[in-house]
Amino acid sequence: SDYGNADENELAIQAEQPFRTVLIGNEDAAGISKELVTVNNTAPIETGEVVARMEYRLDGNVIGSVNIVAAESVEEQKYKNVLERIFHNFINLYD
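To keep things clear, this report deals only with the structure shown in the data block. Because the structure is predicted, anything quoted here is derived from the model rather than measured. (Residues numbered from 1 in each chain as written. Predicted model: local features only at pLDDT ≥ 70, side-chain atom pairs only at ≥ 80, totals over all residues. Heavy atoms only, no water.)

### What about the packing of aromatic side chains?
Phase 1 of the analysis: A complete count under the given rule lists one aromatic pair for this structure.
Phase 2 of the analysis: Ring centres of phenylalanine 19 and tyrosine 56 lie 3.8 Å apart, and the angle between their planes is 15°; this geometry places the pair in the stacked category. Residue phenylalanine 19 is located in the loop between β2 (13–15) and β3 (32–38), and its partner tyrosine 56 is located in strand β4 (residues 50–58); the two are separated by 37 residues in the primary sequence.
Phase 3 of the analysis: By relative accessible area, phenylalanine 19 is classed as partly exposed at 24%. (Phe/Tyr/Trp six-rings, centres within 6.5 Å; stacked < 30°, edge-to-face > 60°. Helix = DSSP H or I, 4+ residues; strand = E, 2+ residues; numbered from the N terminus. Buried < 20%, exposed > 50% of the residue type's maximum accessible area, 1.4 Å probe, protein only.)

Okay, here's the thing in structure tokens:
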């Protein structure tokens, strides 16, 4: 999915691919948690560059991850202090 249409204080991001996993036995999808791991938080950033990774965990173990990439290029002056806010909004899309 694309979370584009950013204004000058935002970074448009998108998941590189959807997260998929197979649960076996009595594993419950409700027990899956996610954690955002920042990979790159300095501008300039090019379109398609990995800026973070969303890790999915079950019972504390990483069961998969998805790269989060920039949907647009960003110059340094546009990028300062907005990455965490954008990622917070991104995470909330999956709650």
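### Some points on the pairing of strand β5 (residues 61–70)
Phase 1 of the analysis: Bridge analysis of β2 against β5 gives three bridges, and the strand direction is antiparallel. Bridge pairing in β5 links isoleucine 13 to alanine 70.
Phase 2 of the analysis: Relative to β5, β4 runs antiparallel, the two sharing eight bridges. Looking at β5, one finds that glutamate 55 is bridged to serine 65.
Phase 3 of the analysis: Where β4 folds back onto β5 in an antiparallel hairpin, the turn is made up of two residues, including aspartate 59, whose phi is positive at roughly 55°. (Pairing = 2+ DSSP bridges.)

### Section: the nonpolar core
Phase 1 of the analysis: Membership of the largest hydrophobic core is limited to twelve residues, which are Leu11, Ile13, Ala15, Ile45, Val51, Ala52, Met54, Tyr56, Val66, Ile68, Ala70 and Val74.
Phase 2 of the analysis: Of all the secondary-structure elements, those providing two or more residues to this core are β2, β4 and β5.
Phase 3 of the analysis: If one sorts the elements of this core by residue count, β4 sits on top with four residues. (Core = buried A, V, L, I, M, F, W, Y, C linked by side-chain atoms within 4.5 Å.)

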